[in-house]
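# Examining the three-dimensional arrangement
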Amino acid sequence: MTINQVDGTPRRLGRRAVLRQWCALAAAASPLTAGILAKAAWGAPAPAPPPGPPGSPPDKTTPGGVTVPPTDPAISAQAVQYPGGVIATELGYLSAPSGGQVYPGIIVIHDAIGLTEHNRDITRRLARNGYVALAPDLLSGVGGTGKFSTPADALTAMQTVSQFDLMSQLNVSVRYLEAQPLVQKTRIGVLGFGLGGNLAWELLGSNADIKVAVIFDAEAPDPGVATQISTPILVIDGETDTGDTDGLKQLDDAMKAAGNPWQSKIEPKAGRAFFDDSRTPYVADAAKDAWKLTVAWFDKYLRG
């Protein structure tokens, strides 16, 4: 671009000078126009990536285990007690949306170190997504997870609880969740981690009220289950957790051959407990992706 100098001869302007004059002229005409033109001239910022579903896992480890605080006005969350089966009183944690409507329910089954704040936080995340979520404490019969000072102590105690007692507690918890006024009794799902994932497989085979499942870090069962279970199932494992990924290919083939609603995902560069943001194995990228898959699965098969 050229303009005439004082003596009338032409002078070429550089690009930056042209843009400065352009924006200055626009500002004289309208401040709003000036802002629009300035962005056009210097390049508008790239749009932010779309946010994940509510309660998306954090970018880094959070030792306290809290992503959605109990005081979040969008939910209600509290410790609960209810009559047990093989034990007198079952302990747990219940979270629900504060909208006052009726919602699907989800049982959250913790791993072998008991009911931690991370597990309670998962129920709150689910509540932010429109679900009533109950996390039973499978150590209720020995005083509850809070009785143990370290995860190792809780793990040792968990090894003393029989499979019969664990399943009894879970079935009692399903009935308690179904009895909640805000819960759609015909829409109950399960979300299990580690030991809880293994128990989720057992629950699918023994409790017809479970309509959908998402299972993390669990051993792949015998492929024969494909002809016995028609429940929509999403399985998520970490790439380096070979103890759980062994056998997954055979199960995947069997589920697909049976025509079941089924999906499996192996998260890259992740191992066992990659989803637990309160522990060192946490892998943020894998956890964020797994959470999107989890919420989408429940939305499709439990809410839809």
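To start, this report covers the structure provided alongside it. Since the structure is predicted, the reported quantities are computational estimates derived from the model, not experimental observations. (Residues numbered from 1 in each chain as written. Predicted model: local features only at pLDDT ≥ 70, side-chain atom pairs only at ≥ 80, totals over all residues. Heavy atoms only, no water.)

What follows deals with the overall build of the protein chain. Scanning the protein chain from N- to C-terminus turns up 9 helices and 10 strands. Within the protein chain, buried positions represent 47% of all 304 residues. When contacts within the protein chain are restricted to residue pairs at least 6 apart in sequence, those whose partners lie at least 24 apart make up 67%. Carbon and sulfur atoms make up 56% of the accessible area of the protein chain, which amounts to about 14,600 Å² in all. (Helix = DSSP H or I, 4+ residues; strand = E, 2+ residues; numbered from the N terminus. Buried < 20%, exposed > 50% of the residue type's maximum accessible area, 1.4 Å probe, protein only. Contact = heavy atoms within 4.5 Å. Areas by Shrake-Rupley, 256 points an atom, 1.4 Å probe, with all protein chains shown as cover.)

This brings us to the pattern of salt bridges. Counted under the stated rule, the structure contains 16 salt bridges. Lys288 serves as the salt-bridge partner of Asp59, at 2.9 Å between the closest nitrogen and oxygen. Of this pair, Asp59 sits in the loop between helix 2 (31-42) and strand 3 (75-83) while Lys288 sits in helix 9 (residues 284-303), and the two are 229 residues apart along the sequence. Given the relative accessible area of 65%, Asp59 is considered exposed. The class of Lys288 is partly exposed, set by a relative accessible area of 21%. As a salt-bridge pair, Asp121 and Arg124 come within 3.2 Å of each other at their nearest N and O atoms. In this pair, Asp121 and Arg124 both sit in helix 3 (residues 117-128), 3 residues apart, roughly one turn of the helix. A relative accessible area of 0% means that Asp121 is categorised as buried. On the basis of relative accessible area, Arg124 is assigned to the buried category, the value being 0%. (Salt bridge = Lys/Arg side-chain N within 4 Å of Asp/Glu carboxyl O.)

A separate point is the packing of helix 5 (residues 163-178) against helix 6 (residues 195-206). Two elements in contact, helix 5 and helix 6, have axes separated by 11 Å at closest approach and are oriented at 65 degrees. Taken as axis vectors, helix 5 and helix 6 run roughly perpendicular relative to one another. The chirality of how helix 5 crosses helix 6 is right-handed. Where helix 5 abuts helix 6, its residues Gln163, Leu166, Met167, Leu170, Asn171 and Val174 lie against Leu199, Glu202, Leu203 and Ser206. Broken down by class, the residue content of the contact of helix 5 with helix 6 amounts to 6 nonpolar, 3 polar and 1 charged. (Axes fitted to C-alpha atoms, helices over the stretch in contact; angles between N-to-C directions. Parallel < 35°, antiparallel > 145°, perpendicular 65-115°, else oblique. Left-handed = near helix turned anticlockwise from the far one by under 90°. Nonpolar A, V, L, I, M, F, W, Y, C, P; charged D, E, K, R; others polar.)

In this section: the packing of aromatic side chains. In this description, a pair of aromatic rings is defined by centroid distance and the angle of the planes. What the rule picks out here adds up to 8 aromatic pairs. For the pair Phe216 and Phe275, a centre-to-centre distance of 5.1 Å together with 50 degrees between the ring planes defines the contact as tilted. Linking Phe216 in strand 8 (residues 210-216) with Phe275 in the loop between strand 10 (262-267) and helix 9, this pair joins segments that are 59 residues apart in sequence. A relative accessible area of 1% means that Phe216 is categorised as buried. (Phe/Tyr/Trp six-rings, centres within 6.5 Å; stacked < 30°, edge-to-face > 60°.)

A positive phi is found at Asp217, a non-glycine position, where the angle reads about 50 degrees. Relative to the helices and strands, Asp217 resides in the loop between strand 8 and strand 9 (233-238). The class for Asp217 is buried, based on a relative accessible area of 4%. Of note, the phi angle at Ala273 is positive, near 70 degrees, even though the residue is not glycine. Positionally, Ala273 belongs in the loop between strand 10 and helix 9. Take Ala273: its relative accessible area is 10%, and that puts it in the buried class.

With that out of the way, let us pick up the nonpolar core. By size, the foremost hydrophobic cluster in this structure holds 44 residues, and its most contacted members are Trp201, Ile215 and Ile233. For this core, the leading source of residues is helix 5, giving 7 residues. Counting residues in hydrophobic clusters, the runner-up holds 28 residues, among them Ala133, Val212, Ala284 and Ala290. (Core = buried A, V, L, I, M, F, W, Y, C linked by side-chain atoms within 4.5 Å.)

Now for the sheet that holds strand 9. Spatial strand order, 3-4-6-5-7-8-9-10: 8 strands in an open sheet with mixed pairing. In the strand order of this sheet, the two ends are held by strand 3 and strand 10, each with one partner. Going from strand to strand, the sheet's axes swing by 20 degrees on average, the running direction of each strand aside. As paired strands, strand 3 and strand 4 (residues 89-97) are joined by 9 bridges and run antiparallel to one another. (Pairing = 2+ DSSP bridges.)

Taking 1.5 Å of rise per residue, 12 residues should cover 16 Å, and helix 6 covers 17 Å from first to last C-alpha, within 8% of that figure. Where helix 6 is concerned, the buried positions are Gly196, Gly197, Leu199, Ala200, Trp201, Leu203 and Leu204. (Expected span 1.5 Å × (residues − 1).)

Note that Leu155 resides in helix 4 (residues 151-158). What makes Leu155 partly exposed here is its relative accessible area of 32%. Here the alpha-carbon distance between Leu155 and Ile113, two residues 42 residues apart in the chain, equals 4.8 Å.

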